Amino acid sequence: MTAANCHVTGATSREGWLFAAVRMTLRLLGNLGREGREREWLRGQTSCYLAMATEDAPQTAVGLRSDRGPILIAVMLSVGLVAIDATILATAVPSVVRDLGGFSQFPWLFSIYLLAQAVSVPIYGKFADMVGRKPMMLLGVALFLIGSVLCGVAWSMGSLIAFRAIQGPGAGAVAPMAMTIIGDIYTLSERARVQGYVASVWGISSVIGPTLGGVFSDYLSWRWIFFVNIPVGAAAAVMLMRKFSENVTRKKHAIDYTGALLLTMGCSLLILGLLEGGVEWAWGSATSVLILTAGVVLLVLFGFVERRAKEPILPPWVFRHRILNGTSAASLVVGVLLIGLTSYVPLYAQSILGQGALGAGLAVAALTMGWPIAAAIAGRFYLRIGFRDTALMGSVFVLAGAGILLTVNDGSTVYHLASACFVIGIGLGFIASPTLVAAQSSVDWQRRGVVTGTNLFARSVGSALGIAAFGAIANGVVTRRLGAKPGNLENVSHGILEPAIHDVYVGAAIAAVVMIAAILIIPRRLTTVDH
C-alpha cells in the first residue's frame with residue numbers, strides 16, 4: 001500500500017504518522033485473537049500510517065524544502081559569497097585600474113585575499129570545535145560583508161588592497177564552516193546527496209561571476225561587484241540565526257594565543273614568499289631568503305608550542321593518522337592543479353589561440369563546471385566502492401585530462417583546450433569531495449572543525465605552492481629564450497610564450513601522478529581517529 005491510496009486523519013506530519021502507526025500496531029496486537037472487520041480495519045490503518053511515514057521520509061530528509069532546508073540554503077548562500085568573489089573581480093580589474101590607478105599593485109588584490117584567507121582557516125576550525133560552528137560562520141559572513149562595503153567605497157588602490165585583507169579572513173571562515181555544518185547535520189549517506197547542492201553553487205557562480213563583473217563594469221560601476229554581496233550575505237546570516245541551533249557543551253577553554261600568533265605569522269611569511277618570489281623579487285635575493293627562512297623558523301617554533309599547549313590550534317594528532325595525512329596531501333595537490341590551470345589556461349587561450357576574454361572564460365568555465373558535476377554524483381560512488389577508490393577514479397580523469405592538455409598547441413581550438421579542462425574538472429570533483437568527507441567521517445563532532453580546517457588549509461597551501469612552482473617554470477623558460485627576465489608574460493611573443501606554458505602543462509601532468517601517490521596513502525577501510 002502507498003501513501004497515495006490512504007485516506008486517514010489525525011496526523012499532519014511525519015512524526016505524527018509514526019506515532020499513529022505505533023498506536024494502531026498496539027491496538028492490532030491486542031486484537032490478534034479476534035476475527036472480523038475491526039481487525040482488518042486496524043491492519044489497513046496501520047499500513048496507511050506506516051506508508052505516510054516511510055514514503056515521506058526520503059523526500060523531506062534531504063533537500064531545500066526539508067526541515068533542514070533553510071540551513072542548507074544559508075550554507076549555499078554563504079558559499080556563494082566566496083564562490084562568486086573568486087571570479088567576479090577578475091573581469092572588473094581594467095575598470096578598477098582606470099578609476100583608481102595603481103596598475104602595478106593590482107595583483108595584490110588577489111594575493112592579499114588569498115593570504116588572509118589561507119592563514120585564518122585552521123584557526124577558525126579550532127575555535128569552531130570550542131564554541132560551535134554558528135558563531136564562527138556568522139563572524140566570517142560579518143567580516144566578509146564589512147570588507148565588501150569598505151571595498152565598495154575604496155578611494156585608492158592601496159585602500160582597496162587593505163580592505164581585501166578584511167574580506168579574506170571572512171572567506172577563511174565561510175568555506176570550512178559550511179562543510180563542517182554539513183558534516184554535522186547530515187549523515188554520511190545524506191551527504192552523498194547534499195554535495196550536489198553545494199557543488200552546484202560553484203558551477204553556477206563560475207558563470208554568474210564573470211557575467212556580473214562585466215555587466216557592473218560596463219553599465220553601472222565596478223563598486224557593485226562588492227555591494228552585491230550585502231543582500232546575499234544578510235539573507236544567509238538571518239537564516240542561520242533563526243534556523244540553525246547546535247548544542248555546544250559550555251566549558252572554560254585554554255585558548256592557544258601563542259600558537260595562533262605563530263601559525264598566522266609563519267604561514268603569512270611562507271605563503272607571501274611563495275606568492276611573490278620570482279615576481280616582486282628574485283628567488284635568490286636577500287628579501288626572498290629572509291622571508292622564507294623567517295616563515296619556516298616561526299612554523300618550527302609553532303610545532304614546539306603545540307606539543308605543550310593544553311588545547312593546541314593544530315593538534316599533533318592530525319599528522320599521526322594515514323587517513324588525515326592522505327586526504328590533506330590530496331587536497332594540497334588539488335590546490336596546486338587548480339591554481340595552475342586557472343592562472344595559465346586563460347593566458348594560453350588569449351595569447352596563443354587568439355581568443356578574447358569570452359573564449360578564455362569558456363575554457364576556465366569548463367573546469368569549474370566539470371568539478372560540481374562530479375561532486376554531485378561522487379556520493380553514489382563512495383557509498384558503494386569507498387572513498388579511496390572513488391578518489392583514485394578521479395585521479396584517472398585528472399591524468400587523462402592532463403594528457404589531453406599536453407596535445408594542445410598553437411593550432412588547436414579553444415574547445416580542445418576546454419575539453420581538457422572539463423575532464424580535469426571531473427577528476428577534481430571525484431577527488432575533493434570524497435577525501436574531505438572521508439576526513440570528516442573519521443572524527444567526532446569535537447574534532448570535525450579542526451579536521452575540515454586542516455584539509456582546506458592544505459588546499460590553500462597547495463595554491464601558493466602551485467603559483468610559485470608554475471611561475472618558476474614559465475619564467476625560467478622565457479628567461480632562457482630571451483636571455484633576460486621578462487617584465488610581464490602577457491607581453492612576451494607567441495613563439496616564446498607557447499613552449500613556456502606547455503612546460504607548465506607538463507608540470508600539471510607530473511602533479512597528476514603525484515596525486516595518485518597521495519590518494520594511495522588513504523587506507524581502503526575507514527576507521528575512527530583517536531588522539
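The present account deals with the structure reproduced in this document.

Points about the overall build of the protein
Move 1: Across its full length, the protein holds 18 helices and zero strands.
Move 2: Counting every position in the protein, which comprises 531 residues, the buried fraction comes to 53%.
Move 3: Taking the contacts inside the protein whose residues are at least 6 apart along the sequence as the reference set, 81% of them involve residues at least 24 apart.
Move 4: Total accessible area on the protein is roughly 23300 Å²; 64% of this is exposed by carbon and sulfur atoms.

With respect to a nonpolar patch on the surface
Move 1: Together, Val296, Val297, Val300, Leu301 and Phe304 line one region of the surface with nonpolar side chains, adding up to about 440 Å² of accessible area.
Move 2: For Val296, a relative accessible area of 44% corresponds to the partly exposed category.

A short note on the side chain of Arg459
Move 1: Tracing the sequence through the fold places Arg459 in helix H17 (residues 445–482).
Move 2: Asp85 is the oppositely charged side chain nearest to the buried, salt-bridge-free Arg459, at an N-O distance of 15 Å.
Move 3: Contacts of Arg459, omitting those with residues within four sequence positions, involve Ser331, Leu332, Val334, Gly335, Trp371 and Ala432.

Some points on empty space enclosed by the protein
Move 1: Per the stated rule, a full pass over the model turns up one cavity of 30 Å³ or more.
Move 2: Each pocket or cavity is described by its volume, and for the largest cavity that value is around 40 Å³.
Move 3: Along its surface, the largest cavity is lined by Ile323, Phe387, Arg388, Ala438, Ile522, Pro523, Arg524 and Leu526.
Move 4: Residues that form the lining of the largest cavity fall into these classes: six nonpolar, no polar and two charged.

Points about the packing of aromatic side chains
Move 1: Taken as a whole and assessed by the stated rule, the structure comprises seven aromatic pairs.
Move 2: Both rings, one in Trp155 and one in Phe163, keep their centres 5.7 Å apart while their planes meet at 75 degrees; by these two values the pair is edge-to-face.
Move 3: Given the relative accessible area of 63%, Trp155 is considered exposed.
Move 4: Of the residues examined, Phe163 reaches a relative accessible area of 13% and is grouped as buried.
Move 5: Here the aromatic cluster, defined as three or more aromatic residues joined through ring pairs, consists of Phe381, Phe397 and Phe430.
Move 6: Cation over ring: Arg164 sits above Tyr113, and NZ or CZ is 4.2 Å from the ring centre.

Quick notes on the nonpolar core
Move 1: Of all hydrophobic cores here, the largest spans 59 residues; its most connected members are Leu337, Val345, Tyr348, Leu417, Leu428 and Met515.
Move 2: Secondary structure elements with two or more residues in this core: helix H8 (188–219), helix H13 (322–351), helix H14 (357–385), helix H15 (387–406), helix H16 (414–441), H17 and helix H18 (494–521).
Move 3: The greatest single-element share of this core, amounting to 13 residues, is contributed by H13.
Move 4: The contact partners of Met515, leaving out residues within four places of it in the chain, are Ala330, Val333, Val334, Leu337, Ser395, Leu428 and Ile431.
Move 5: Of all hydrophobic cores here, the second largest spans 37 residues; its members include Val96, Ala154, Trp222 and Ala468.

Section: the packing of helix H3 (residues 69–88) against helix H10 (residues 229–243)
Move 1: Interaxial distance between H3 and H10 falls to 8 Å at its minimum, and their mutual angle equals 150 degrees. As far as their axial angle goes, H10 and H3 are roughly antiparallel. Along this stretch, H3 crosses H10, giving a crossing that reads as left-handed. Across from Pro70, Ile71, Ile73, Ala74, Leu77, Ser78 and Leu81 in H3, the residues of H10 making contact are Asn229, Val232, Gly233, Ala235, Ala236, Met239, Leu240 and Lys243.
Move 2: In terms of residue class, the contact of H3 with H10 is made up of eleven nonpolar, three polar and one charged.

A few points about the packing of H13 against H16
Move 1: Closest axis-to-axis distance for the H13/H16 pair is 10 Å, and the angle between their directions is 155 degrees. The orientation of H13 relative to H16 falls into the category roughly antiparallel. The handedness of the crossing between H13 and H16 comes out as left-handed. For the pair H13 and H16, contact is made by Ile323, Leu324, Thr327, Ala330, Val334, Leu337, Leu338, Leu341, Val345, Tyr348 and Ala349 and by Leu417, Cys421, Ile424, Leu428, Ile431, Thr435, Ala438 and Ala439, respectively.

Procedures and definitions
- Residues numbered from 1 in each chain as written.
- Predicted model: local features only at pLDDT ≥ 70, side-chain atom pairs only at ≥ 80, totals over all residues.
- Heavy atoms only, no water.
- Helix = DSSP H or I, 4+ residues; strand = E, 2+ residues; numbered from the N terminus.
- Buried < 20%, exposed > 50% of the residue type's maximum accessible area, 1.4 Å probe, protein only.
- Contact = heavy atoms within 4.5 Å.
- Areas by Shrake-Rupley, 256 points an atom, 1.4 Å probe, with all protein chains shown as cover.
- Patch = residues over 30% accessible without salt bridge, like charges linked within 9 Å, V, L, I, M, F, W, Y side chains within 5 Å.
- Salt bridge = Lys/Arg side-chain N within 4 Å of Asp/Glu carboxyl O.
- Lys, Arg positive; Asp, Glu negative; His and termini not counted.
- 1 Å grid on protein atoms, 1.4 Å probe; cavity = no way out; pocket = protein on both sides within 12 Å on 5 of 7 lines; lining within 4 Å.
- Points joined across faces, edges and corners; volume = space filled by probe spheres on them.
- Nonpolar A, V, L, I, M, F, W, Y, C, P; charged D, E, K, R; others polar.
- Phe/Tyr/Trp six-rings, centres within 6.5 Å; stacked < 30°, edge-to-face > 60°.
- Lys NZ or Arg CZ within 6 Å of the ring centre and 35° of its normal.
- Core = buried A, V, L, I, M, F, W, Y, C linked by side-chain atoms within 4.5 Å.
- Axes fitted to C-alpha atoms, helices over the stretch in contact; angles between N-to-C directions.
- Parallel < 35°, antiparallel > 145°, perpendicular 65-115°, else oblique.
- Left-handed = near helix turned anticlockwise from the far one by under 90°.

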